[in-house]
Amino acid sequence: MSYVPHTANDPGNSTILIVDDDEGVTQTFARMLKLEGFQVRTAINAESGLKVASESQPNAIILDLRMPLVDGLGFLRRLRSQDDQRATPVAIVTGDYFLEDAVANELRELGAELRFKPLWLEDLVSLARNLLRVTH
């Protein structure tokens, strides 16, 4: 699949990848974004998320921080090591309000936006639009 840049006012031309080990969260976020017109891909762990990112070249990624085996930070490190994924906008979403400073600093250095769960519909849509710079 080739990379197609998104159109600023049409979320339907934008693909968002959601990576979260909680399948309920993944499916809920996907449904909410699809209702707003976004194209959505999902993955339930970092390994499959990296594969989907490589294959589909999403316009943005919403990523859980706490996942088994490879966490969100590990995913982000690997993503940023790929030339075609260095500039992909990423938001890290976590329920962990007490992040170590070193982790929070590295997330920022790797260009990720940090958000905390729960994300309500308005928060999720606003986050997606902000990542894509979609304005309505």
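The rules we used
- Residues numbered from 1 in each chain as written.
- Predicted model: local features only at pLDDT ≥ 70, side-chain atom pairs only at ≥ 80, totals over all residues.
- Heavy atoms only, no water.
- Core = buried A, V, L, I, M, F, W, Y, C linked by side-chain atoms within 4.5 Å.
- Buried < 20%, exposed > 50% of the residue type's maximum accessible area, 1.4 Å probe, protein only.
- Helix = DSSP H or I, 4+ residues; strand = E, 2+ residues; numbered from the N terminus.
- Contact = heavy atoms within 4.5 Å.
- pLDDT = per-residue confidence, 0-100.

1. Things to note about the nonpolar core
- If you look at the biggest cluster of nonpolar residues, it comprises 23 residues, and the most contacted ones within it are Val19, Ile61, Leu63, Phe75, Leu79 and Leu107.
- Those elements that place two or more of their residues in this core are β1 (15-19), α2 (46-56), β3 (60-64), α3 (72-80), β4 (90-94) and α4 (101-109).
- When residues no more than four places from it in sequence are discounted, the contact partners of Phe75 are Val19, Ala46, Gly49, Leu50, Ile61, Leu63 and Val70.
- Judged by nonpolar contacts, the second largest core, of 19 residues, contains Ile18, Val25, Val93 and Ala128.

2. Observations concerning the confidence of the model for the protein
- Model confidence for the protein is summarised by a mean pLDDT of 89, while 90% of its residues fall at 70 or above.
- Here residues 1-8 is modelled with pLDDT under 50, and outside its nearest four sequence neighbours on either side it reaches 16 contacts, counting other chains as well.

3. Considerations on the environment of Arg129
- Tracing the sequence through the fold places Arg129 in helix α5 (residues 121-132).
- Given the relative accessible area of 21%, Arg129 is considered partly exposed.

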